[in-house]
Amino acid sequence: MEGSLHVVEPTLDSSAGHCRSFVENLCRASAGLGVAIHVWAGRHAELTVPEGATVTLHRHFFRRIRRFQSYFLYRRLLRGPGRILVSTAGRIDLALLTMAAGAPLPPRKAFLFFHWLHPSPKKAAFLRETARRQPELVVLAPIPQVAEPFREFGFRNVQLVPYPVAQSAGAAKPNASFDHLLFAGAPRKDKGFEHIVSLIARLKETGETVPFVVQTSASHYGKEDSFIRDQFARLAAIGYPGLRTVSETLSPAEYAKLFEGAICLQPYDRATFAGRVSGVTLDALAAGAPMVVPDGTWNARVAGTHGAGVVVDDLSPDALLAAVNAIRNDYASFRDRAWAGGGRMRQSNDAARLLEALTS
């Protein structure tokens, strides 16, 4: 590959969020291969550069003007050597890249990794027009449910590339006994946070004292809506004695420790996560943490394939509690299957596959 690989990730603005692990896993895969990677991130970005990798971190983006900055950065990068990866791409990135280019892109110059896609008639018209104007733009997608619509909209260069996982993750087989329930990641409506609060209320009603660790920090980009604020107030009013909330930003090591001896609850929205990869699911597998997930989601397909948890068709507190108890009664078996599944995912989702797609 001529020149450098420029990874554009404005949402990498702290040590939180799966955008960091995504970028670091890609950088780790480049170690010793002579690929120079430039990461264009937020002003407060933190990145651990893997040994042997050639990585330059540019703390470039201010959140409020990131789209304005993206346009001018794309203009600059498109006129220089090397390739561009937008690692968490959306419709705005397609529009900005097209405007910044001012003409059809050259082959294999720009790669956009779409983690999910929720088409609408308005989006469909835009995507068809972009496919016509930018026939050489490369769309990367982690699962077929994301890749296929882009092909239908007319994009010629659509590649199925698994969400990158580090080979070093989860190397030591866990032996922890069950210790606590866990809700990990940003509390959001589409992640069913209200179901977590309802479950905790039910635990209080039944006199349970099982420890429950809940991350209550807003998403890594500082978003918190009124719905979630109401759920926080509701959670505080319950007064559950086993509750431990984690509001501070955790280091990667501290975050990984949350999964030790945990049952990971993911009562996510079925429609949103039917075709959407969950980083929390991958984290749980890497740590050998069994999970409770709703049917009809990508998470459920992963859990079912690896026997790594219980798939539920009902997100009521009693249904979630029954699933939790089923795992607690055979925790070691679920834990071992989850960890073995994580090992298989490390092979199938090796970050080297993404690097190869970008540099070949």
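Attention here is on the structure that accompanies the text. Sequence positions are assigned chain by chain, starting from 1 and proceeding in written order. The predicted nature of this model means local features are confined to residues of pLDDT at least 70 and side-chain atom pairs, given and counted, to a pLDDT of 80 or more, with totals for whole chains, interfaces and linings taken over all residues. To get the side-chain values, all heavy atoms of the structure are used, and hydrogens and water are removed first.

Quick look at the overall build of the chain
Next, step 1: A run of DSSP states H or I qualifies as a helix once it reaches four residues; a run of E qualifies as a strand once it reaches two. Both are numbered from the N-terminal end. Across its full length, the chain holds 14 helices and 13 strands.
Next, step 2: Based on C-alpha atoms, the radius of gyration is set beside the globule rule, defined as 2.2 Å times the residue count to the power 0.38. The C-alpha radius of gyration of the chain comes to 21 Å, within 12% of the 21 Å expected for a compact globule of 360 residues.
Next, step 3: By its C-alpha atoms, the chain is 65 × 45 × 35 Å across when sized along the principal axes.
Next, step 4: Scored against the burial criterion, the 360 residues of the chain give a buried share of 53%.
Next, step 5: The criterion used for residue contact is that any of the two residues' heavy atoms lie within 4.5 Å. Counting contacts in the chain only where the partners sit at least 6 residues apart, residues at least 24 apart contribute 72% of the total.
Next, step 6: A total accessible area of about 15300 Å² is found for the chain, and carbon and sulfur atoms account for 51% of it. Any residue under 20% of the maximum accessible area for its type is buried, any over 50% is exposed, and the rest in between are partly exposed; the area is computed with a 1.4 Å probe on protein chains only. Accessible surface is estimated by sampling points in the Shrake-Rupley manner with a 1.4 Å probe; for residues, cover comes only from the protein chains shown.

A few points about the nonpolar core
Next, step 1: Only buried residues count toward a nonpolar core, which is a set of Ala, Val, Leu, Ile, Met, Phe, Trp, Tyr and Cys residues joined through side-chain atoms within 4.5 Å. Formed by 90 residues in total, the largest nonpolar core has its most connected members in Leu-5, Val-39, Leu-85, Leu-140, Phe-150, Phe-155 and Phe-259.
Next, step 2: For Leu-5, the contacting residues outside a window of four places in its chain are Leu-26, Val-35, Ala-36, Ile-37, His-38, Arg-83, Leu-85, Leu-355 and Leu-358.
Next, step 3: Ala-201, Val-210, Phe-212 and Ile-327 belong to the second largest nonpolar core, which has 30 residues in total.

Considerations on a nonpolar patch on the surface
Next, step 1: A cluster of nonpolar side chains, contributed by Phe-62, Ile-65, Phe-68 and Phe-72, occupies part of the molecular surface with about 420 Å² of accessible area.
Next, step 2: Inspection of the secondary structure puts Ile-65 in the loop between strand 3 (54–61) and helix 2 (66–78). A patch consists of residues whose relative accessible area exceeds 30% and which take part in no salt bridge; residues with like charges are grouped when within 9 Å of each other, and nonpolar side chains (Val, Leu, Ile, Met, Phe, Trp, Tyr) when within 5 Å. Here, a salt bridge means any side-chain nitrogen of Lys or Arg that lies within 4 Å of a carboxyl oxygen of Asp or Glu.

A short note on the packing of helix 10 (residues 279–287) against helix 13 (residues 331–348)
Next, step 1: Axis definition: a line fitted to C-alpha atoms, limited for helices to the stretch in contact. Angles are taken between N-to-C directions and run from 0 to 180 degrees. Where helix 10 contacts helix 13, the axes come no closer than 6 Å and their chain directions differ by 115°. The crossing of helix 10 and helix 13 is left-handed. The segment helix 10 lies against helix 13, with Leu-282, Leu-285 and Ala-286 engaging Ala-338, Trp-339, Gly-342, Met-345 and Arg-346.
Next, step 2: For this scheme, ten residues count as nonpolar: Ala, Val, Leu, Ile, Met, Phe, Trp, Tyr, Cys and Pro. Four count as charged, namely Asp, Glu, Lys and Arg, and the remainder, Gly too, count as polar. Of the residues in the contact of helix 10 with helix 13, the class split is six nonpolar, one polar and one charged. Each crossing gets its handedness from the near helix: less than a right angle anticlockwise from the far helix is left-handed, clockwise is right-handed.

Comments concerning the pairing of strand 9 (residues 212–215)
Next, step 1: Along strand 9, one buried face is formed by Phe-212 and Val-214 and the opposite face, lined by Val-213 and Gln-215, is buried too.
Next, step 2: Of the strand pairs in this sheet, strand 8 (residues 180–183) and strand 9 are connected by three bridges, and their pairing is parallel. Opposite Phe-183, over in strand 9, you have Val-214 as the bridge partner.
Next, step 3: In terms of handedness, the path from strand 8 via helix 6 (residues 193–205) over to strand 9 forms a crossover that is right-handed. Only strands joined by at least two bridges in the DSSP assignment are considered to pair. Clockwise travel from the first strand over the helix to the second, with the strands pointing away from the viewer, marks a crossover as right-handed.

Thoughts on the sheet that holds strand 6 (residues 138–141)
Next, step 1: Pairing is parallel in the open sheet, where seven strands are placed in the order 3-2-1-4-5-6-7. Across the chains shown, the open sheet's two edge strands, defined by having one partner strand only, are strand 3 and strand 7 (157–160). In this sheet, adjacent strand axes meet at a mean angle of 20° when their direction is disregarded.
Next, step 2: Two strands pair when backbone bridges link them, and strand 6 and strand 7 are joined in this way by four bridges, in the parallel orientation. Of the residues in strand 7, the one forming a bridge with Val-138 is Asn-157.
Next, step 3: Contacting strand 4 (83–86) and strand 5 (110–113), helix 3 (residues 91–101) runs over the sheet at an angle of about 170° to strand 5.

Here we look at the packing of aromatic side chains
Next, step 1: Centres within 6.5 Å are what make two rings of Phe, Tyr or Trp a pair, Trp counting through its six-membered ring; a difference in plane orientation under 30 degrees is then read as stacked, over 60 as edge-to-face, and the rest as tilted. Tallied over the full model, the rule gives 11 aromatic pairs.
Next, step 2: On the numbers, 4.6 Å between centres and 40° between planes, the contact of Tyr-268 with Phe-273 is tilted.
Next, step 3: The buried category is assigned to Tyr-268, whose relative accessible area is 0%.
Next, step 4: Here a set of aromatic residues connected by ring pairs shows up, and it is made of Phe-22, Phe-113 and Tyr-163.
Next, step 5: Directly above the aromatic system of Trp-116 lies the positively charged group of Arg-276, at a separation of 3.5 Å from the ring centroid.
Next, step 6: Note that Arg-337 overlies the ring of Phe-334, its terminal NZ or CZ placed 4.7 Å from the centroid. Remark: a charge is flagged as sitting over a ring if the NZ atom of Lys or the CZ atom of Arg is within 6 Å of the ring centre and within 35 degrees of the ring normal.

What about the pairing of strand 12 (residues 291–294)?
On a regular strand, one side chain projects to one face of the sheet and the next to the other, so that they alternate.
Next, step 1: Residues Met-291 and Val-293 of strand 12 are buried on one face, and the alternating residues Val-292 and Pro-294, pointing to the opposite face, are buried as well.
Next, step 2: As paired elements, strand 11 (residues 262–265) and strand 12 share two bridges and run parallel to each other. Residue pairing across strands places Cys-264 opposite Met-291, the latter belonging to strand 12.
Next, step 3: Inspection of the sheet shows strand 12 paired to strand 13 (residues 309–312) by four bridges, in the parallel sense. Each residue of the ladder has a partner; that of Met-291, found in strand 13, is Gly-309.

Some points on the sheet that holds strand 11
Next, step 1: Reading across from one edge, 10-9-8-11-12-13 is the order of the six strands in this open sheet, with parallel pairing throughout. Single-partner strands in this sheet number two, and they are strand 10 (243–246) and strand 13. Neighbouring strand axes in the sheet, compared pairwise and without regard to direction, differ in orientation by 20° on average.
Next, step 2: Each of strand 8, strand 11, strand 12 and strand 13 touches helix 12 (residues 317–328); the most contacted strand, strand 13, lies at about 160° to it.

Notes on helix 10
Next, step 1: Helix 10 sits mainly inside the fold: seven of its nine residues count as buried.
Next, step 2: Buried residues of helix 10: Gly-279, Val-280, Thr-281, Leu-282, Ala-284, Leu-285 and Ala-286, and no others.
Next, step 3: Along its buried surface, helix 10 packs onto helix 1 (18–29), helix 8 (252–257), strand 11, strand 12, helix 11 (298–306) and helix 13.
Next, step 4: Measuring from the side-chain oxygen of the N-cap residue of helix 10 to the backbone nitrogen of Val-280 gives 3.3 Å; that N-cap residue is Ser-278.
Next, step 5: One or two positions beyond helix 10, positive phi appears at Gly-288, with a value near 75°. Throughout this description, a polar contact denotes any pair of N or O atoms lying within 3.5 Å of each other; where both atoms belong to protein, one of them has to be capable of donating a hydrogen while the other can accept it, and for residues adjacent in sequence the pair is counted only when both atoms sit in side chains.

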